[in-house]
Structures are given as C-alpha cells and as structure tokens.
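# Structural features, examined
Given next are the chains, with one letter for each unit.
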Protein chains: 2
Amino acid sequence: VVTRDACIARDAADELAALRNSFTLPPNMIYLLGNSLGPLPRSAPAHFQRVVQDEWGAHLIGGWNLSWYDEPTRLGERIATLIGAGPGEVVVADSTSINLMKVVYAAIEQQRSDGRILVGYEAGLFPTDIYVASSVARSVGGSAVALDIVDGELPDLPDGLGAMVLSHVDYRSGRLLGMRALTKQLHDRGVLAIWDLSHSVGALPVQLDDCEADYAVGCTYKYLNAGPGAPAFVFVRDRLLASTRVLPEGWFAHREPFAMSPSFAASDDIRRLLVGTPSVVACAGLHASLDIFDSTDIAKLRAKSLALTDLFTEVVTATSSDVDVVTPMDPDVRGSHITLRHESAYPIVRALIDRGVVCDFRAPDGMRFGFAPLYLRHVDAYDAAVAVVDVIRSETWRDPRYAMRETVT
Amino acid sequence: VVTRDACIARDAADELAALRNSFTLPPNMIYLLGNSLGPLPRSAPAHFQRVVQDEWGAHLIGGWNLSWYDEPTRLGERIATLIGAGPGEVVVADSTSINLMKVVYAAIEQQRSDGRILVGYEAGLFPTDIYVASSVARSVGGSAVALDIVDGELPDLPDGLGAMVLSHVDYRSGRLLGMRALTKQLHDRGVLAIWDLSHSVGALPVQLDDCEADYAVGCTYKYLNAGPGAPAFVFVRDRLLASTRVLPEGWFAHREPFAMSPSFAASDDIRRLLVGTPSVVACAGLHASLDIFDSTDIAKLRAKSLALTDLFTEVVTATSSDVDVVTPMDPDVRGSHITLRHESAYPIVRALIDRGVVCDFRAPDGMRFGFAPLYLRHVDAYDAAVAVVDVIRSETWRDPRYAMRETVT
C-alpha cells in the first residue's frame, strides 16, 4: 500500500496543487463533502461585495442596465464549457428542482402528439427528481414510472414512454452512467433523455452535445462551489429549443420582457427557460468559482479525481475488511465520490466528523466521501482513509454521543 | 402651494426621518424607484459577509445545521408581521412568479372537484402574473380569463370560476384595491382570492388574515429592499394549508427531506410550499431590511407615504397643466407610487434621470414615481415635482439623446 510520504510526494508533483489556495478551507478539516456543498472560493467575498455594494448600492435600479440582465445567459455560457454544450444551450436560473420541472414538462409536451406521456426515472434517482418528475407528469395527465438500471443497462422500456430522467452520477453509490450509450438507446426507442448533472458537473468531463442529450439540469453549489442554494442551470439541445414550451411562462422568458404585453411570446433563445427575475446577488459566488475552473482543465481534474478515489479506496480496503465499497471502481463508471457500507455507518460518520474528516451518512448504511479535485490533496485522501480504518478498528464510534440523530444533512 | 422651506420643516419634525440613515443612497439622486428595486440597507453588506464568510466559509456543509435550514420559515415569520398573517402562514422561497405558479395550481386543485377550473385575473395585472396564471391553468386542463375591475368593483363572474388573481396595488396606475370587500365578494361566489402584494408590502398595511385572503405572493426586492432578484414569499391561509397541493413537489417540501424516501409526503406545515434548496445567501439582504422595519411601524410608514404622494402630486398639478395624474388620490385606493401621463413620457423620464430624479417609463405614456416612506424626505418629493414641471416647461426632454430607447427596465 502507498505510504503517507508517497502521497506528500505526489502532492509536491501535482500541477493542480496550487488550485487549493483558491479556496478558504478551515484548518484541521479534511472536507469530503464538496459533492454536497463546495467550499468558499477566496475571491467570492469580493464578487459578492462588487454586486452588493458597487452595483446594487451605487447604481440601484441602474444595475439592470449594467450587467444583471444578462447574468443568466452569461453564466450559462460559462457553464457550457464544462458540460460540452454549445452557445445558447445553457442558462442559469432557479433551483435544480424547478429547472427539472421545466424540462420534464417540455419533454412531455414534445411527445404528447405521439401519445407518449409516460416519464421514466431511474429507480434510485435523487428523491427530489422523482418527486418533480412524478408531480409534473401527473399534473398534465401523464404519469411517471421507476425503471431499474442494472449494470448501466436500460430495462425493457414500457410503451408510451416519452422521456426518461437519469442522473449522470448516482448521489448514493457514486456510479457514473454511460451518457452516450444510454441516450442512443433511448433515442432508438423515440424517448427523450433528460440528464441530471448535479453530481458530475465540475468533477469530470460531460459531453452533452456529443452524447446527443436532449435536456439537462444541474446544481452549482456542489462541485461548482457557488454557495448554499445558488441558482442552478438548465440545458436544452439547440435543435429542441424552438419547440420547447416551459411551465410556467414568466416575464423573463418573454421576447420583450419590458414591453409588458398582456400576451406571452417566448424568446427565440435560451432565455425562454427563464421565469421570474434572476437572483442576481446569488450569482456572484458562481462567477468566483468559474474563474478557478477557467484556469485549469476538466480532463486534468478528472485524472486527479480518479487518483484520489483510487488512493482512498486502496488504503481503506488494504487495511480493513469491515467495510464494503459500494462505488464501482472501473473508471468508466465511477464518479467523484466513494460510498462505503457498514452497518454502523451513522455513528462512524459522526466520529469521523469529530476528527475533522467531514463526510456524510446516507440511510440505511452508507458513508459518502466526496473527492473534489480542485482543492483536495493526495495526503487528504490518505489521512481520511486512515481515519476511517482507525475509527472502525478502535470502535470510538461506539461512544453514545455519536448515536443521536441530530444533523439535518 | 407648499414651499420648499415648509417641506424642510416637515422633515425636521418627521419622527421617521432618521430611518433614511439606514440606507446607502447615492448623493445627488432622488430615488423614486423603490417600487421597482429598493436601495441597499447599510447593514446588508455585513449580513452578506456573515453568511458568506462566517457561515459558508467557516462551517461549509455545517451551515445547514446552524441556521440555513430554517431560513425560509424564519423569514416567513418576519414578513408575516408586515402583511397581517399568522404563524406558519408565510414562507420565503423562489421567485414571485414561481410562487404564483404554486398557488394558482393549488387553487385549481382545491376547486377541481366542483368543476371550477377557470382562473380569472385582472385585465391589467402585472404581465408575468398573467403569463403564469394562464400557462398553469392551461397545463392542467383549465383556462384563464381576464376580468375588468372598474372603480374597484368586480364584473359579473363567469361560471366555473375557481380562483382569481388580483394585484393589491396596480404596478402601472398605483391604484390600491379593497382587499376585504373584493375577497368577500369572491367568496360569496365560491371563488378563491389570490393576492399579489408585490407593490404594497412594505409601503402600506396589509391584513391578509382579517381580509380572509386565501393565497398571496409578494416580492422582497421592491419596498422590502432585499436586493436584486432576492427570494419572494408565499402565503397560504391556515385553514387551506392541509388541502394545498403544490406543483412541483420537491424535497424541501417533504415531511422528512433528508430521509431520501422515493415517495413524496408533504410536510404538515408551510414548508410544503417549498420545492428545492433555499437560496441561503440571497436571504441576507432581507434580514437587513426587515431589521429596519422592526424598528418602526407600518401605520406610520403609510401615513408618510400618503403625505409624500400628496405633496408630489399637489406641486406638480398646481404648477403644470401638461400632465394627467393617473393614480387615484383618494387614500383608500392609492398605493405608494404616483403615475403621471404625458404623450412624451419616455424622453421626459430620460431627462429626469439625467437630473438625478430616478423614475421610470411604462408604455405607452406613463411616468412612475415611487415614494418609499422609509428613506424619502418631503423635500425629495418637492424637488422631484419641481424637476418634473421644469423638464416639461423647459422642453429639455426634446434633446435627441433622450429619444433613444436604451434602458431595459
């Protein structure tokens, strides 16, 4: 097994190592939840101050004529470079759930004339995606159905299926799906593919256009480090845009928002995915984080992410036989977090957090360790693995104070 | 007519005068668009810094266990005190448009069993409200219809009407509707009343519970000064909450959001109006502004707002016969902004902005002047009126540079 000194040497040779300095990271903490909430970019406070004081404070309503109006599309163009999308295919707005509503509705409307009003979703999809897909489908007279994906393969698809919602990386297991093959299989059956990129964007390459994806949504506060509750993004394949109808229709999607016409006329461009006034201040953190991404390369980040998850898993499995690795280790189907299974996962996670190894628990027996390649070191992966093994072996997790369920996330 | 010295004397005697110091207001500007975007509270940058640096930066994911999770309900309780709502009736989330979607959908579902799937809206409603109500009604098999309100009176209501969307204060004319009487008339016909408070909250008393309002939405970045695109709020009358179904269903509305159950079970409380992850950072400005409201009294603010709109209108009409006052001057039906009509409204507005009197244009011939009582002085109302009259009389607005349509708001 690799030694700690070898990890330090790898960090010394790592051309991405300096990126860590772009983030505020508390001392004595190994932060392995960048897959849930990314840390604060060092330049983010200045970005917030610019919007709040220099723009809102000094220009008031005039801010809309400065830069605010174009924030959703400007940020969409920036994110497009990370997800293999072209100009005019991505916009930043609302939450991931609200954006998923828009594209599920749009997909059903695209397929309605063919009688395809059934929406499929992966059985293990992030719950809010299931709730959104189901409630939207039901509201418009359709329905939603869970479809198991086993070993990355689609099951037999039911008749009337119009769209399917898939997560690029599974939030629990860390399994990465083959976007190209699955999208093609769906298309061969006339089904639109809606991808949720929340657990992949910023950690690994995404090629929406190359994979012929139809719609996609994603979160900016995980690997994109934009801050708690920052606005999400939505992607519409260019060829589908003109026939995409959004629910609800709102003024920022209007061809002429400020003409205040009583009748709605959708914008010809990606703005038709907007609804209400953009959350301007909340966008500042995303600019700060995307500046960091601009200074590096997603392929290099992916290579480091794989190295970190390899390292962590190797050290854990080489020194403990008490945990199962849930995440598939084949790099083709591995995301950027590792999930371990242990029957006492909850108190083990609590004990690890107490030691400064910040990870989380997913019922019933999962422990998640996210490896964001922008700011984690090889030595962090090593130390985290040693801590996992030590907490399990020493049974410090049996301390009664770790048994209480008190955290909300 | 009142003199400028008399206005200065009124300001000196104004017990609300010191509140102006709670805001950052650029020098040499009379800001009359608080009805569109409120100015920056002086304490807001510190609130943003607290959330960004002290919470996100220092606690990362742990912020959710500190205070973030309860932000939507905590802020809802604070806003409730301004709109005559009770505990558990208000929550802060998403945009006004998205919140309106939720309650229009909920109202249709409430009434569907009685075959009432028609949604009425005021003919002059803010356009995005029309788009939202129409698109949501259509998507679920209903429809929407414009209903003229003349002299504050409802027209004959069509059969099958289940809900009606009304704006408390009209965004163009500044007309205030009688919430109590209109809600009662709607209820007498079995129709649910949905109120948009965007142009009244923070400027005048709102009594949702007393008026028996069913649903309401409102904006926080106008008279509530929470910053561009800050999250909006939504009100559900307590007796309707248990039967309120929201579209879309999302994880923050779940009874146990972090149980990650594949099946949705709505929260028993006002959280069922949530959808995705709350926009935590964007809430900071709202806290700052609500602290200022806590230090004063909405009845006193209303009295000052009426005094300011009286003063402005008196000076304009006493010294110029070239403009029509669109806003009704009866205090019972007057909001907190004044709309004047002039065939050259657009270049006049541009010329006024050039003189530091910040107002806006609404097609085809309206000029809007918002009088936020928290930070405007009597002398501001006086000087603005003199500027209006002077720009019209001197014809400075004929300068060709004022003819070009270049502003977006």
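Just above sits the structure.
In this text the structure is predicted, and so the values were computed from the model without any measurement. Residue numbering note: each chain is counted from 1, following its sequence as written. Each chain takes a letter, starting from A, and each ligand takes a number, starting from 1, following the order in which they are written. Owing to the predicted nature of the model, reporting of local features is limited to residues with pLDDT of at least 70; listing and counting of side-chain atom pairs is limited to 80 or more, with chain, interface and lining totals taken over all residues. Hydrogens and water are ignored here; the side-chain numbers use all heavy atoms of the structure.

### Concerning the overall build of chain A
Worth spelling out the cut-off: Per the convention used, a helix needs a DSSP run of H or I reaching at least four residues, while a strand needs a run of E reaching at least two, with both numbered from the N terminus. Surface accessibility follows the Shrake-Rupley procedure with a 1.4 Å probe radius. Residue values consider only the protein chains on display as shielding. Under the convention used here, Asp and Glu are negative, Lys and Arg are positive, and both His and the chain ends fall outside the count. One atom stands in for each charge, and that atom is NZ of Lys, CZ of Arg, CG of Asp or CD of Glu.
Each helix and strand in chain A was counted, giving twelve helices and 15 strands. Along the longest, intermediate and shortest principal axes, the C-alpha atoms of chain A span 70 × 60 × 40 Å. Of the roughly 13,900 Å² of accessible surface on chain A, a fraction of 49% belongs to carbon and sulfur atoms. The centroid of the 37 positive side-chain charges in chain A is displaced by 2 Å from the centroid of its 51 negative side-chain charges.

### Description of the relation of the copies chain A and chain B
The operation relating the two chain copies consists of a rotation about an axis and a shift along that axis. To keep things clear, this is the line we draw: Copies are brought into register by a least-squares superposition over C-alpha atoms of residues with pLDDT of at least 70 in both. Should any heavy atoms of two residues lie within 4.5 Å, those residues are counted as being in contact.
With an axial shift of 0.0 Å and an RMSD of 0.0 Å, the rotation relating chain A to chain B amounts to 180°. Here the symmetry operator amounts to a two-fold rotation axis. Looking at chain A, 100% of its interface residues are interface residues in chain B too, so the copies touch through the same face.

### A closer look at helix H12 (residues 378-394) of chain B
Residue and element names in this part refer to chain B. We count it as follows: What a helix should span is 1.5 Å times the count of its residues minus one. Any residue under 20% of the maximum accessible area for its type is buried, any over 50% is exposed, and the rest in between are partly exposed; the area is computed with a 1.4 Å probe on protein chains only.
Look at H12: 24 Å from first C-alpha to last across 17 residues, which is about the 24 Å you get at 1.5 Å a residue. Counting buried positions over the 17 residues of H12 gives twelve, a clear majority of the element. For H12, every residue scored as buried is listed here: His378, Val379, Asp380, Ala381, Tyr382, Ala384, Ala385, Ala387, Val388, Val389, Val391 and Ile392. Just beyond H12, the residue with positive phi is Glu395, at close to 60°.

### Re the pattern of salt bridges
All names here are of chain A. Spelled out, the test is: Only one rule defines a salt bridge in this text: a Lys or Arg side-chain nitrogen within 4 Å of an Asp or Glu carboxyl oxygen.
Under the defined criterion, the tally for this structure stands at 65 salt bridges over all chains. Across the pair Arg78 and Asp294 runs a salt bridge whose closest N-O atoms are separated by 2.7 Å. With Arg78 in helix H4 (residues 71-80) and Asp294 in helix H9 (residues 284-294), the pair connects residues that are 216 residues apart, well separated along the chain. According to the relative accessible area criterion, Arg78 is buried, its value standing at 18%. With a relative accessible area of 53%, Asp294 lands in the exposed category.

### Observations concerning helix H7 (residues 179-188) of chain B
Residues and elements named next belong to chain B. Note the following rule: What the arc measures is the spread of directions leading from the helix axis to the C-beta atoms.
Of all the positions in H7, only Met179, Leu182, Thr183 and Leu186 are classed as buried. Down the axis of H7, the sector holding all buried residues measures 100°, keeping them to one side. Of the exposed residues in H7, the ones pointing more than 90 degrees away from its buried face are Lys184 and Asp188. Where H7 is buried, its residues touch strand S7 (161-167) and strand S8 (192-196). Once H7 ends, the next one or two residues include Gly190, with phi positive near 75°.

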